[in-house]
Amino acid sequence: MPYRCRHCGGTFCSEHRLPENHDCPGLDDWNDPGGVFDSGFDASVEDTRSGRPGLAERLSISTGPGGIMGYFRGNMTFVFLAIMWVVFPLELLVYFGLQDLGLFASLFTLSSGQITYVWTWVTSVFSHSPFNFMHIFFNSIVLYFFGPIVERKVGTRAFAGLFIVSGAIAGLAQVLATVAVGGTTSVLGASGAIAALLGVLTVLNPNLRIYLYFIVPMPLWLATLLFAGYSVLVSSVGGIGAGGVAQLAHLAGLGIGLLYGVYLKQQGTRAPQELQIGGGRRGGRRRY
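Below, the structure is looked at part by part. For clarity, every value in this text was computed on a predicted model and none was experimentally measured.

What follows is about the overall build of the chain. Looking only at helices and strands, the chain features nine helices and eight strands. Sorting the 288 residues of the chain into buried and exposed places 47% on the buried side. Taking the contacts inside the chain whose residues are at least 6 apart along the sequence as the reference set, 70% of them involve residues at least 24 apart. When the accessible area of the chain is evaluated, it comes to approximately 14,100 Å², of which 63% is carbon and sulfur surface.

The phi dihedral of glutamine 99 falls on the positive side, at around 55°, and the residue is not glycine. In this fold, glutamine 99 is placed in the loop between α2 (76-97) and α3 (101-108).

Right, let's get into the pairing of strand β8 (residues 216-219). Bridging between strand β7 (residues 209-212) and β8 involves four bridges; their strand directions are antiparallel. Counterpart to leucine 212 in the pairing with β8 is valine 216. The turn joining β7 and β8, which pair antiparallel and follow one another in sequence, is formed by three residues; a positive phi near 55° is taken by tyrosine 213.

Now for the nonpolar core. Membership of the largest hydrophobic core comes to 38 residues, with the highest contact counts inside it found for Phe80, Leu143, Val150, Phe159, Phe163 and Leu197. Top contributing element to this core by residue count: helix α7 (residues 191-204), with nine residues. Sequence-distant contacts of phenylalanine 163, defined by excluding residues within four places in its chain, comprise Phe80, Val125, Phe126, Leu143, Ala190, Ala193, Ile194 and Leu197. Core analysis: the second largest hydrophobic core is formed by eight residues, Ala170, Leu172, Val187 and Ala249 among them.

Moving on, we get to the environment of valine 125. Here valine 125 lies in the loop between α4 (120-123) and α5 (133-154). When its relative accessible area of 1% is taken as the criterion, valine 125 is described as buried. Considered as a pair, valine 125 and glycine 192 are 67 residues apart in the sequence and their alpha carbons are 8.0 Å apart.

With their axes 9 Å apart at the nearest point, helix α8 (residues 220-238) and helix α9 (residues 247-266) run at an angle of 145° to one another. In this structure, α8 crosses over α9, and the sense of that crossing is left-handed. Across the interface between the two elements, Thr224, Phe227, Ala228, Tyr230, Ser231, Val232, Val234 and Ser235 of α8 pack against Gln247, His250, Leu251 and Leu254 of α9. Taken together, the residues of the contact of α8 with α9 sort by class into seven nonpolar, five polar and no charged.

Along the chain, isoleucine 141 turns up in helix α5. For isoleucine 141, a relative accessible area of 14% corresponds to the buried category. In this structure the C-alpha to C-alpha distance between isoleucine 141 and tyrosine 213, which are 72 residues apart in sequence, comes to 10.0 Å.

Attention now moves to the packing of aromatic side chains. Under the criterion given, the structure shown has 19 aromatic pairs. Ring geometry for phenylalanine 80 against phenylalanine 159: centres 6.0 Å apart, planes inclined by 25°, an arrangement best described as stacked. Of this pair, phenylalanine 80 sits in helix α2 while phenylalanine 159 is found in helix α6 (residues 156-180), placing the two residues 79 residues apart along the sequence. Across the pair, exposure class does not vary: phenylalanine 80 and phenylalanine 159 are buried alike.

Within the secondary structure, threonine 109 is located in the loop between α3 and β5 (110-111). Since its relative accessible area comes to 1%, threonine 109 is described here as buried. Along the chain, threonine 109 and phenylalanine 126 lie 17 residues apart, while their C-alpha atoms are 9.7 Å from each other. In terms of polar contacts, threonine 109 uses its side chain to reach the backbone carbonyl oxygen of alanine 105, at 3.0 Å.

Reading the values: rules and limits
- Residues numbered from 1 in each chain as written.
- Predicted model: local features only at pLDDT ≥ 70, side-chain atom pairs only at ≥ 80, totals over all residues.
- Heavy atoms only, no water.
- Helix = DSSP H or I, 4+ residues; strand = E, 2+ residues; numbered from the N terminus.
- Buried < 20%, exposed > 50% of the residue type's maximum accessible area, 1.4 Å probe, protein only.
- Contact = heavy atoms within 4.5 Å.
- Areas by Shrake-Rupley, 256 points an atom, 1.4 Å probe, with all protein chains shown as cover.
- Pairing = 2+ DSSP bridges.
- Core = buried A, V, L, I, M, F, W, Y, C linked by side-chain atoms within 4.5 Å.
- Axes fitted to C-alpha atoms, helices over the stretch in contact; angles between N-to-C directions.
- Left-handed = near helix turned anticlockwise from the far one by under 90°.
- Nonpolar A, V, L, I, M, F, W, Y, C, P; charged D, E, K, R; others polar.
- Phe/Tyr/Trp six-rings, centres within 6.5 Å; stacked < 30°, edge-to-face > 60°.
- Polar contact = N/O pair within 3.5 Å; in protein donor to acceptor, adjacent residues only side chain to side chain.

Below you can see the structure in the form of structure tokens.
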């Protein structure tokens with residue numbers, strides 16, 4: 001039976017449900033003597049803020065500790081990773097197996113020629129280049145390390161919204177900017193969404209120590225500055241889609257994350273002191 005911790009947003013078994021049994025980061029903010037006897041877990045699906053039943057309850061979907069949907073709370077990072085790796089072989093099947101480029105574009109890419117295909121605003125976020133395995137590989141690594149931290153800080157619902165919305169806006173920014181200068185393009189990849197996570201953590205803890213490619217130690221603010229600087233430099237020299245990489249999508253996603261990070265910091269949210277990551281974002285068909 002899964003239990004959800006209100007302090008960090010994670011989902012745990014009965015043995016590790018208490019904050020002190022899973023090294024809950026919320027213990028750092030434990031300053032409420034009156035809450036000592038509060039387990040900190042949500043065993044109800046009722047929308048207590050409005051006094052009305054929540055959507056899940058109206059649909060008879062159990063999201064409580066004993067419900068199947070309870071497993072998704074605190075684990076949306078891994079759900080998104082799973083979606084990416086389910087979509088990838090489907091891309092290979094359509095592109096190389098069926099060799100249907102039109103179907104591939106209408107399902108997996110956000111294109112300047114099909115911008116009204118609103119479903120691609122989302123599906124393109126979970127799709128990656130079928131020509132470059134490292135595109136999905138590096139995006140997966142960064143999401144694996146950054147995602148759970150952000151999700152624990154903001155909650156599963158806000159994390160899912162941030163990831164999908166920032167990814168969609170980043171892709172739209174790249175496509176619309178290209179159209180504005182008289183060009184055509186198509187984009188796919190989770191890079192805009194992952195850049196947003198990078199921006200959130202940069203604001204929450206700019207001195208967070210990371211290990212780039214598991215080797216090079218540096219503060220997060222420097223890694224973010226290098227990332228943004230590279231995108232700006234390449235865009236200024238070769239255009240916003242130079243090298244087949246959606247540089248503007250990177251910058252748009254990063255900007256969204258920085259703004260959301262400022263909001264979270266005003267709410268008193270903090271980030272951990274050390275993190276190890278193994279890769280960056282790519283852009284591209286345009287990968288991004």
